[in-house]
Amino acid sequence: MQSKLTILKREIPPLVVLAWPLALANLGWMAMVIVDTMMVGRVSAEAIGAVSLGGIVFATAGIFGSGILLGLDALVPQAYGSGNVEDCHRSLLSSLYLCIPLSLALMGSLWLLEPQMGRWEITAGVLELTIPYLDTLIWGMPLLLLYFAFRGYLQGMNVVKPIMFALVTANLVNALMNWVLIFGHWGAPALGVVRVALLAAGGPAGQAARPPPRAVPVPRRQAAAPVVPVEAPHRVPPHPPPAVVADHHHHRQPVPDQRVDVHQREAGRAVAEQQHH
């Protein structure tokens, strides 16, 4: 009887060979989203919001479709492990037939959802770019479901390197074409947000959608001008009002000035002495 360590040594290497291309492919999905965000972030803040919101709405419908096709991950490996390759082919063909009505249903649900997005209290500038972006992205739903079907078929038959190759090359093409068509390099038109949707939708499939309006860059906040302190004007204190006293009728009257001119006092005294003599 073999020990558990011997079984692990025999099973782990094939598992790693099967898993690392799939892990790299999943990282490729995340890398594509990061590159799109970095590129669109140089357009405007509204463009980032439109790509994020439209991508979330589309991904919700796409994940629902991929969940329905997830049955291939069980059917194909079982048939391949038993040596029934024909059953693997039938499962793939059935999934391709399923992709047609499923993609139409998901695309229709997204088109019906677009008029309701105005009730979500979204900023007008973001919503103005989200609707055309989502219109373009919707056309990629059939291609996305086809990718899920072929991925389940190939990885169930232990063929995973084509999946990894597809995601790696898609990232390289995505980064290059984003730089060319978002900003209008090499004589290409500057499509802005619509370029991200065209690539995600599968390129030619998104050409039928109308291009969105150009995103207006958000102006940078200017530094506030320095505040110059203004000195208050010098105020001359008003003369104090004359003191008042109350008479017997309780009327307030001004107090007469007690100061007498010295010359007038001496003159009055001299006149009094002359009259006395």
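Structure first, text after, so check above.
Residues numbered from 1 in each chain as written. Predicted model: local features only at pLDDT ≥ 70, side-chain atom pairs only at ≥ 80, totals over all residues. Heavy atoms only, no water.

Draft legend 1. Spatial organisation of the overall build of the chain. Looking only at helices and strands, the chain features 9 helices and 2 strands. Helices and strands in the chain line up, N terminus first, as α-α-α-α-α-α-α-α-β-β-α. By residue count, 30% of the 277 residues in the chain fall in the buried class. In the chain, the share of contacts with a sequence separation of at least 24, taken over all contacts with a separation of at least 6, comes to 72%. (Helix = DSSP H or I, 4+ residues; strand = E, 2+ residues; numbered from the N terminus. Buried < 20%, exposed > 50% of the residue type's maximum accessible area, 1.4 Å probe, protein only. Contact = heavy atoms within 4.5 Å.)

Draft legend 2. Main features of the pattern of salt bridges. Under the criterion given, the structure shown has 2 salt bridges. The closest approach of N and O atoms between D87 and R90, which form a salt bridge, is 3.9 Å. A residue pair is termed a helical-turn pair when its members lie 3 or 4 positions apart in one helix, as D87 and R90 do in helix 4 (residues 85-113) at 3 residues. (Salt bridge = Lys/Arg side-chain N within 4 Å of Asp/Glu carboxyl O.)

Draft legend 3. Quick look at helix 2 (residues 45-68). For helix 2, built from 24 residues, the straight-helix expectation of 34 Å at 1.5 Å per residue is met to within 8% by its first-to-last C-alpha distance of 35 Å. Taken together, the buried positions of helix 2 are occupied by A47, A50, V51, G54, V57, F58, A61, G62, G65 and S66. (Expected span 1.5 Å × (residues − 1).)

Draft legend 4. Local environment of unusual backbone geometry. The phi angle at E121 is positive, at roughly 55 degrees, despite the residue not being glycine. The topology assignment puts E121 in the loop between helix 4 and helix 5 (124-138). Its identity as a non-glycine residue notwithstanding, N158 has a phi of 65 degrees, on the positive side. The topology assignment puts N158 in the loop between helix 6 (141-156) and helix 7 (161-183).

Draft legend 5. Geometry of the side chain of T136. Within the element layout of this structure, T136 appears in helix 5. By relative accessible area, T136 is classed as buried at 0%. At 3.0 Å, the side chain of T136 and the backbone oxygen of P132 are in polar contact. (Polar contact = N/O pair within 3.5 Å; in protein donor to acceptor, adjacent residues only side chain to side chain.)

Draft legend 6. Here's a closer look at the packing of aromatic side chains. Inspection of the entire model under this criterion finds 3 aromatic pairs. Between the aromatic rings of W111 and W139, the centroid separation amounts to 5.5 Å while the plane-to-plane angle is 70 degrees, which identifies the pairing as edge-to-face. One end of the pair, W111, is in helix 4; the other, W139, is in the loop between helix 5 and helix 6, with 28 residues separating them in the sequence. Residue classification places W139 among the partly exposed residues on the basis of a relative accessible area of 36%. On the numbers, 5.7 Å between centres and 55 degrees between planes, the contact of Y147 with F148 is tilted. An identical accessibility class is assigned to Y147 and F148; each is buried. Among the aromatic residues, those joined into a ring-pair cluster are W29, Y147 and F148. (Phe/Tyr/Trp six-rings, centres within 6.5 Å; stacked < 30°, edge-to-face > 60°.)

Draft legend 7. Quick look at helix 1 (residues 4-40). End to end, helix 1 covers 52 Å across 37 residues, agreeing with the expected 54 Å (1.5 Å per residue, within 8%). The principal kink in helix 1, of about 25 degrees, is found at E11, preceding the proline P13 by one to four residues. Inspection of helix 1 places P21, A25, G28, M32, D36, M39 and V40 among the buried residues, and these make up the whole buried set. (Bend = angle between axes of the 7 residues up to and from the residue.)

Draft legend 8. Looking closely at the nonpolar core. With 39 residues, the main nonpolar core has F58, L110, M141 and L145 as its most contacted residues. Of all the elements in the fold, those that place two or more residues in this core are helix 1, helix 2, helix 3 (72-81), helix 4, helix 5, helix 6 and helix 7. Ignoring any residue separated from it by four or fewer positions in sequence, one finds F58 in contact with L110, L134, L137, I138, G140, M141 and L144. (Core = buried A, V, L, I, M, F, W, Y, C linked by side-chain atoms within 4.5 Å.)

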